[in-house]
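# Survey of secondary and tertiary structure
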Amino acid sequence: RRRLRFNDLICSSSVHADSGAALPLVFRPPAFLPIAAPLVVASLLPQSSVKPALFWQFLLQSYCAGFNHANRNSSTEQDKKASLKQLLLIAGTASYTSCAGALPQIFINRLGIRSPAVQTFFRSLFPIPLSAALAFFSVFTIRSEESETGIQVFDRNGNPVGISKAAAEKAVRETALSRAALFGTTAAVPNLLVLLLKRTRLFQRNSLLAAPFWHISVALVLGLMVPVSFSLFPQLGTIKREMLEEELQDRAAGGRLFYHRGL
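Residues numbered from 1 in each chain as written. Predicted model: local features only at pLDDT ≥ 70, side-chain atom pairs only at ≥ 80, totals over all residues. Heavy atoms only, no water.

## What about the overall build of the protein?
Within the protein, the regular secondary structure consists of 12 helices and 4 strands. Taken along its principal axes, the extent of the C-alpha atoms in the protein is 65 × 45 × 35 Å. Classification of the 263 residues of the protein by burial places 44% in the buried group. Relative to all contacts within the protein whose residues are 6 or more apart in sequence, the contacts with residues 24 or more apart total 68%. Per element, the accessible surface of the protein, about 14300 Å² overall, is 64% carbon and sulfur. (Helix = DSSP H or I, 4+ residues; strand = E, 2+ residues; numbered from the N terminus. Buried < 20%, exposed > 50% of the residue type's maximum accessible area, 1.4 Å probe, protein only. Contact = heavy atoms within 4.5 Å. Areas by Shrake-Rupley, 256 points an atom, 1.4 Å probe, with all protein chains shown as cover.)

As structure tokens, this is what we get:
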């Protein structure tokens with residue numbers, strides 16, 4: 001029975017919840033951590049110039065954009081293949097978030113900042129809200145088409161009852177918040193922890209300890225936060241009757257309807 005359950009979990013994480021099509025291997029939930037971890041570590045590292053900062057940010061943001069698109073709610077899409085509009089949206093979002101993600105290094109280089117305190121702010125503190133905001137923006141933008149067209153909603157028996165834009169907005173907002181919590185926490189905990197530990201005698205005597213400790217803590221926090229982020233809101237979301245469109249409120253048996261949130 002345990003083996004059957006394990007196989008069911010593998011199968012459910014390998015196919016799309018709406019279309020039933022197999023997800024690309026690199027965009028399946030189990031592949032997120034091993035692929036994203038080295039990209040997150042590299043993108044948060046202090047760089048010597050703008051070009052490497054842009055390079056690592058582009059790799060990270062491109063992967064996140066592809067993951068967000070592959071795991072969207074596609075219940076109302078006629079053609080399951082990405083349209084030209086979606087491809088442009090993915091490319092534009094990846095490019096914009098890559099440039100925005102490199103802002104700390106851009107500020108340091110372009111403004112010629114030499115003050116250790118200001119450099120600490122841009123390299124350790126500014127990336128925290130920036131990482132959370134960019135993660136939120138990526139999901140919100142990549143899946144904006146869902147809010148425009150709506151997503152399929154179901155009754156308690158799993159029967160489709162209509163298309164709801166209100167449910168789509170709720171699904172996208174919840175996913176964006178969960179992704180912001182993932183990347184914001186991953187940037188916050190290691191950076192703040194290292195700043196505090198640098199004041200201790202151990203790290204003052206052995207300054208070389210800071211770098212490996214930071215690398216390990218980033219990977220560890222990301223690994224702990226991935227399951228927390230993915231389960232922060234239920235995959236089978238619910239929406240109350242009063243939040244639905246008028247034409248769907250009468251079909252909300254039990255006062256609510258259900259929808260696939262996406263990931």
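## So, the environment of G66
Of note, G66 is situated in helix α3 (residues 50-70). The exposure class assigned to G66 is buried, which follows from its relative accessible area of 12%. Expressed as a C-alpha distance, the spacing of G66 and F27, which sit 39 residues apart in the sequence, is 7.2 Å.

## A closer look at the state of the cysteines
All told, the structure shown has 0 disulfides when counted by the stated rule. A disulfide-free cysteine, C64 has its sulfur positioned 16 Å from the sulfur of C99, the nearest such atom. Residue C64 is classed as buried on the basis of its relative accessible area of 8%. (Disulfide = S-S within 2.5 Å.)

## What to know about the packing of helix α4 (residues 84-101) against helix α7 (residues 127-142)
Closest axis-to-axis distance for the α4/α7 pair is 10 Å, and the angle between their directions is 170 degrees. Accordingly, the angle class assigned to the pair α4 and α7 is roughly antiparallel. When α4 is examined against α7, the residues L89, I90, T93, Y96, T97, A100 and G101 are found in contact with a partner set consisting of L130, L134, F137, S138, T141 and I142. Residue classes in the contact of α4 with α7 are distributed as 8 nonpolar, 5 polar and no charged. (Axes fitted to C-alpha atoms, helices over the stretch in contact; angles between N-to-C directions. Parallel < 35°, antiparallel > 145°, perpendicular 65-115°, else oblique. Nonpolar A, V, L, I, M, F, W, Y, C, P; charged D, E, K, R; others polar.)

## Description of the environment of F27
Inspection of the secondary structure assignment puts F27 in the loop between α1 (2-14) and α2 (29-44). Separated by 81 residues in the primary sequence, F27 and I108 place their C-alpha atoms 34 Å from one another. If near-sequence neighbours (up to four positions away) are discounted, F27 is found in contact with Y63, G66, F67, A70 and N71.

## As for the UniProt feature "transmembrane region" (unreviewed entry) in the protein
Under the feature "transmembrane region" (unreviewed entry), the UniProt entry names residues 87-108, 120-142, 180-197 and 209-233. Here residues 120-142 is 96% helix and 0% strand, with 32 Å between the C-alpha atoms at its ends. (UniProt positions renumbered as here; feature names shortened; annotations may be inferred.)

## Regarding the pattern of salt bridges
Counting across every chain of the model gives 3 salt bridges. Between K85 and E148 there is a salt bridge, with its nearest N and O atoms 3.3 Å apart. Of this pair, K85 sits in helix α4 while E148 sits in helix α8 (residues 144-149); the two residues are 63 residues apart in sequence, bridging distant segments of the chain. Residue classification places E148 among the partly exposed residues on the basis of a relative accessible area of 46%. (Salt bridge = Lys/Arg side-chain N within 4 Å of Asp/Glu carboxyl O.)

## Considering a nonpolar patch on the surface
Taken together, the side chains of F55, F58 and L59 define a hydrophobic patch exposed on the protein surface, amounting to about 270 Å² of accessible area. Along the polypeptide, F58 turns up in helix α3. On the basis of relative accessibility, which here comes to 42%, the residue F58 falls in the partly exposed class. (Patch = residues over 30% accessible without salt bridge, like charges linked within 9 Å, V, L, I, M, F, W, Y side chains within 5 Å.)

## A look at the nonpolar core
Judged by nonpolar contacts, the single largest core of 31 residues is most densely connected at F32, V40, Y63, F67, L182 and F183. Sorting the residues of this core by element identifies α2, α3, α7, α9 (165-197) and α11 (210-230) as the ones contributing at least two each. The biggest single contributor to this core is α11, with 8 residues. Aside from chain neighbours lying at most four places away, what touches V40 is L60, F183, T186, V218 and L222. Membership of the second largest hydrophobic core comes to 13 residues, among which are A166, L244, L248 and Y259. (Core = buried A, V, L, I, M, F, W, Y, C linked by side-chain atoms within 4.5 Å.)

## Description of the confidence of the model for the protein
Atomic detail in the predicted coordinates should be set aside for any region of low pLDDT. With 91% of its residues at a pLDDT of 70 or more, the protein has an overall mean of 87. For residues 1-11, every residue scores under 50 in pLDDT, and the model assigns this stretch 0 contacts once sequence neighbours within four places are set aside. (pLDDT = per-residue confidence, 0-100.)

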